[in-house]
Amino acid sequence: MFRYLTNHIISMLPTLAVVAVVGFMLVHLTPGDPAVFAAGPEASPAVVEQIRERMGLNRPLHVQFLAWVRNIIVEGNLGVSIQTGEPVSAILASRAEPTIALALASFVVALVIGVPLGFLGAVQRGRLGDRLIMAVATFGVSVPRFWLGLMLMLLFAVTWRWLPVGGYRPFSDGIFDALRHLVLPALALGLAEAALIARMTRTAMLEVMNEDYVRTARSKGLVEQRVLVKHALRTALIPILTVAGLSLANLLGGSVAIEVVFNYPGIGRGLMTAITRRDYPVVQAVVLLVGVIYMVVNLLIDLAYAGVDPRVRYN
Amino acid sequence: MSGTTDATRISATAPRKKRGWLAAMWRSRNGRALIITTIILAVIVLLIAGAPLFTSFDPSRADPLNRLLPPSQEHLLGTDRLGRDVFTRVFYGGQPSLIVGLLVAVITTVIGGIIGLLAAFTRFDNAIMRVMDGFMAFPAIILALGLIAALGSSLTNVVVALSIVYVPRVARVMRGAALIPKAAVYTEAARGLGASLPRIIFRHALPNCVAPAIVQATFIVAHAIQIEATLSFLGVGMPPSIASWGNILQESRQVLRQAPWIGVSAGLAVMFTVLTLNVLGDALRDYLDPKLRGAGDR
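Residues numbered from 1 in each chain as written. Chains lettered and ligands numbered in written order. Predicted model: local features only at pLDDT ≥ 70, side-chain atom pairs only at ≥ 80, totals over all residues.

1. Things to note about the overall build of chain A
Next up, step 1: Per the secondary structure count, chain A includes 13 helices and zero strands.
Next up, step 2: Seen in sequence order, chain A has helices and strands lined up from the N terminus as α-α-α-α-α-α-α-α-α-α-α-α-α.
Next up, step 3: In terms of overall dimensions, chain A has C-alpha extents of about 85 × 55 × 35 Å along its principal axes.
Next up, step 4: By the burial criterion, 40% of the 315 residues in chain A qualify as buried.
Next up, step 5: For chain A, long-range pairs separated by at least 24 residues make up 73% of all intrachain contacts whose partners lie at least 6 apart in sequence. (Helix = DSSP H or I, 4+ residues; strand = E, 2+ residues; numbered from the N terminus. Buried ≥ 20, exposed ≤ 12 C-beta atoms within 10 Å, placed from the backbone. Contact = placed C-beta atoms within 7 Å.)

2. Thoughts on the overall build of chain B
Next up, step 1: Helix and strand counts for chain B come out as twelve helices and zero strands.
Next up, step 2: Listing the helices and strands of chain B from first to last along the sequence gives α-α-α-α-α-α-α-α-α-α-α-α.
Next up, step 3: A principal-axis box enclosing the C-alpha atoms of chain B has dimensions of 80 × 60 × 25 Å.
Next up, step 4: Residues classed as buried in chain B amount to 45% of the 298 residues present.
Next up, step 5: Once local pairs closer than 6 in sequence are excluded, the contacts in chain B between residues at least 24 apart make up 67%.

3. A short note on helix α10 (residues 224-253) of chain A
Next up, step 1: With 30 residues, α10(A) should reach 44 Å at 1.5 Å per residue; the first-to-last C-alpha distance of 40 Å fits that figure.
Next up, step 2: Of all bends in α10(A), the biggest is about 45°, found at Leu233(A). (Expected span 1.5 Å × (residues − 1). Bend = angle between axes of the 7 residues up to and from the residue.)

4. Quick notes on the environment of Ala46(A)
Residue and element names in this part refer to chain A.
Next up, step 1: You can see Ala46 is positioned in helix α3 (residues 45-55).
Next up, step 2: C-beta crowding within 10 Å serves as the criterion here: with 9 such atoms nearby, Ala46 is assigned to the exposed category.
Next up, step 3: Separated by 72 residues in sequence, Ala46 and Gly118 have C-alpha atoms that sit 63 Å apart.

5. Points about the interface of chain B and chain A
Next up, step 1: Contact with chain B, which involves 39 residues of that partner, is made by 40 residues of chain A.
Next up, step 2: When the residues that make up the side of chain B that touches chain A are grouped by side-chain class, the tally is 24 nonpolar, nine polar and six charged. (Nonpolar A, V, L, I, M, F, W, Y, C, P; charged D, E, K, R; others polar.)

6. Side note on the packing of helix α8 (residues 155-182) of chain B against helix α10 (residues 197-233) of chain B
Residue and element names in this part refer to chain B.
Next up, step 1: Running from N to C, α8 and α10 cross one another at 155°; their axes reach a closest spacing of 9 Å. As far as their axial angle goes, α10 and α8 are roughly antiparallel. In the packing of α8 onto α10, the handedness of the crossing is right-handed. Contacts from Val158, Leu162, Tyr166, Val170, Val173, Met174, Ala177, Ala178, Ile180, Pro181 and Lys182 in α8 reach His204, Ala205, Asn208, Cys209, Pro212, Ala213, Gln216, Ile220, Ala224, Ile227, Glu228 and Leu231 in α10.
Next up, step 2: Taken together, the residues of the contact of α8 with α10 sort by class into 18 nonpolar, three polar and two charged. (Axes fitted to C-alpha atoms, helices over the stretch in contact; angles between N-to-C directions. Parallel < 35°, antiparallel > 145°, perpendicular 65-115°, else oblique. Left-handed = near helix turned anticlockwise from the far one by under 90°.)

7. Structural notes on the nonpolar core
Next up, step 1: With 163 residues, the main nonpolar core has Ile197(A), Val283(A), Ala144(B), Leu145(B) and Leu162(B) as its most contacted residues.
Next up, step 2: At 17 residues, helix α8 (residues 175-209) of chain A tops the list of elements feeding residues into this core. (Core = buried A, V, L, I, M, F, W, Y, C linked by C-beta atoms within 7 Å.)

8. Concerning unusual backbone geometry
All names here are of chain A.
Next up, step 1: In the Ramachandran plot, Arg161 falls in the positive-phi region, its phi being about 55° despite a non-glycine side chain.
Next up, step 2: Within the fold, Arg161 resides in the loop between α7 (145-159) and α8.
Next up, step 3: Its identity as a non-glycine residue notwithstanding, Asn263 has a phi of 50°, on the positive side.
Next up, step 4: Mapped onto the secondary structure, Asn263 falls in the loop between α11 (256-261) and α12 (267-276).
Next up, step 5: For Asn263, a count of 13 C-beta atoms within 10 Å gives the class partly exposed.

9. Description of the environment of Gly194(B)
All names here are of chain B.
Next up, step 1: Its place among the elements puts Gly194 in the loop between α9 (185-192) and α10.
Next up, step 2: Residue classification places Gly194 among the exposed positions, given that 7 C-beta atoms sit within 10 Å.
Next up, step 3: Considered as a pair, Gly194 and Ala222 are 28 residues apart in the sequence and their alpha carbons are 43 Å apart.

10. Quick notes on helix α4 (residues 61-75) of chain A
Residue and element names in this part refer to chain A.
Next up, step 1: The end-to-end C-alpha distance of α4 is 21 Å, a good match for the 21 Å that 15 residues give at a rise of 1.5 Å each.
Next up, step 2: Counted residue by residue, α4 has one buried out of 15 residues, so it is predominantly exposed.
Next up, step 3: Where α4 terminates, the next one or two residues include Gly76, which has phi positive at roughly 65°.

11. Side note on the confidence of the model for chain B
Residue and element names in this part refer to chain B.
Next up, step 1: Here chain B shows a mean pLDDT of 85. Residues at 70 or above account for 90%.
Next up, step 2: Ranking the elements of chain B by mean pLDDT puts helix α1 (residues 2-19) last, at 49, and helix α5 (residues 86-121) first, at 93.
Next up, step 3: Counting interchain partners and residues more than four positions distant, the pLDDT-below-50 stretch residues 1-8 has zero contacts.
Next up, step 4: Every residue in residues 10-15 scores below 50 in pLDDT, and together they form zero contacts with partners more than four places removed in sequence or on other chains.
Next up, step 5: Across the assembled chains, the prediction reports ipTM 0.87 with pTM 0.87. (pLDDT = per-residue confidence, 0-100.)

12. Concerning the packing of helix α6 (residues 128-142) of chain A against helix α12 (residues 260-288) of chain B
Next up, step 1: Packing of α6(A) against α12(B) leaves a shortest axis separation of 8 Å and a crossing angle of 125°. Considered as vectors, α6(A) and α12(B) are oriented oblique to each other. Note that α6(A) runs across α12(B); the crossing there is right-handed. Along the contact surface, α6(A) presents Thr138(A), Phe139(A), Val141(A) and Ser142(A), while α12(B) presents Met271(B), Val274(B), Leu275(B), Asn278(B) and Val279(B).
Next up, step 2: For the contact of α6(A) with α12(B), the class distribution of residues is six nonpolar, three polar and no charged.

13. Regarding the environment of Gly126(A)
Residues and elements named next belong to chain A.
Next up, step 1: Tracing the chain through its elements places Gly126 in the loop between α5 (88-123) and α6.
Next up, step 2: Looking at Gly126, the number of C-beta atoms within 10 Å reads 8, which means it is exposed.
Next up, step 3: Along the backbone, Gly126 and Leu148 are 22 residues apart, and their C-alpha atoms lie at a distance of 29 Å.

14. Some thoughts on the confidence of the model for chain A
Next up, step 1: In this model, chain A carries a mean pLDDT of 85, and residues with pLDDT of at least 70 account for 95%.
Next up, step 2: The weakest mean pLDDT in chain A belongs to helix α2 (residues 34-39) of chain A at 70; the strongest belongs to α11(A) at 93.

Encoded structure:
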């Protein structure tokens with residue numbers, strides 16, 4: 001197991017390096033001079049030069065890159081916000097909780113709706129139920145999430161006033177209020193993901209239902225329900241797990257527009273604020289963070305795979 | 001004697017067969033789905049491209065006396081905050097979206113195709129694919145936002161950013177498609193007969209990539225339209241002067257309470273177009289190669 005783990009992490013390194021280079025280069029693609037943005041429009045050339053010196057912008061690109069990586073790995077230092085002077089890590093930490101809460105809530109929505117629908121679709125293969133479920137899933141994939149958010153808000157918050165229009169309440173201030181604020185954004189974000197998971201679950205189930213051991217289970221006289229749930233669904237859960245994991249990574253990074261729609265104080269809205277204010281260190285850090293989260297989730301999925309499925313050999 | 005009857009029957013049906021590959025397509029269920037979706041998409045494209053023909057309003061001319069009017073005989077979908085006709089804007093708004101979608105699909109298919117083939121046929125496979133993996137570690141919207149933040153917002157930069165986002169995805173599909181004929185016996189035979197690498201790529205690998213490339217390109221048009229709308233909605237996509245769906249939705253947000261018809265209609269336009277493209281992608285996949293079922297999502 002340990003060797004499997006280390007091999008896996010080593011094989012991730014080149015990709016991780018690419019992620020770091022992409023994150024780093026984003027700022028250096030900019031047509032303007034980051035030092036000028038940092039100094040502000042009225043700064044004198046001397047001040048700009050000073051800032052350039054302090055930010056290390058006059059050193060060769062690869063030296064800057066290595067210094068940036070070293071700062072992150074050795075000191076956990078993601079840089080300082082140009083706008084507020086706060087450390088970027090502190091900004092991210094203060095916005096992490098709402099984003100994680102939203103991602104988990106949407107994940108629950110996606111699984112609770114997606115897996116049963118995909119399961120039903122596979123069982124009903126080719127019949128009306130299946131066609132209907134797949135049609136709804138295609139709809140779900142095609143709706144822009146932020147628009148779904150706007151429409152949910154229009155109906156449930158503006159017209160009927162059942163739920164708040166937006167914002168976030170921490171769970172420590174009362175679970176009921178926190179949930180009321182989470183429902184609409186979580187639905188808006190989770191429904192499209194539910195559609196993807198439904199499609200995946202259906203495909204995985206259909207594949208498994210053709211396997212020999214499913215036929216054996218049937219022929220030894222097991223009740224159909226038991227065959228489907230205990231034998232088929234259990235194996236089908238492995239590929240579903242993969243998609244679900246990637247989904248979670250996507251939800252953590254992809255909630256930008258939903259956070260903006262619902263005025264939700266998470267990392268996504270922080271990213272938008274940083275982009276409009278040209279606060280590059282923050283943009284850079286968020287992009288890097290999201291990329292790394294995705295890779296870590298990928299690693300965890302592979303480990304889970306090895307744990308769940310005895311067919312996956314450890315080397 | 002049965003031989004002759006068979007022969008006459010064949011000769012009798014032959015001209016009918018020749019007349020219609022379309023008719024033959026219509027007879028299969030996958031083919032029929034494909035024809036119907038193509039027609040629906042063609043109608044959408046014609047409506048968007050031909051917008052000037054059936055609305056007499058200028059999509060960007062403000063009319064301060066007629067602001068936020070509800071839908072009426074004259075303004076079928078009402079007017080927006082500046083008094084512009086929403087019906088006209090929704091149809092014109094499809095033009096930048098379609099242009100972006102098509103450009104991104106073409107660019108990514110060409111560049112992604114080249115990269116995918118290079119990966120499949122050269123010893124740089126591992127290096128190329130690790131770089132592609134690095135790009136794919138970012139959700140599409142995050143990478144697009146980061147690139148737009150760096151490049152600045154304009155139609156060209158939206159196309160560039162979305163192309164960078166989707167090239168790795170296309171490259172992965174194309175590499176996968178090219179590896180199948182690469183391992184096939186007929187390719188080995190061709191190599192044994194002394195065929196050069198370019199000949200093997202063009203004669204054997206490329207034809208096998210066409211079907212997956214078309215399917216993938218269709219999905220990319222759909223994705224690109226969605227992401228473009230999201231970027232513009234966030235205020236960093238198309239410049240606000242362009243009546244794009246994302247921009248209309250962005251403006252609709254402030255008046256959602258007073259004039260819900262703006263946001264509803266523009267969003268439905270995006271959804272219906274993307275839905276048609278997604279269904280078309282599925283139909284193409286089922287028609288061109290049923291074995292590909294399940295690939296190409298996301």
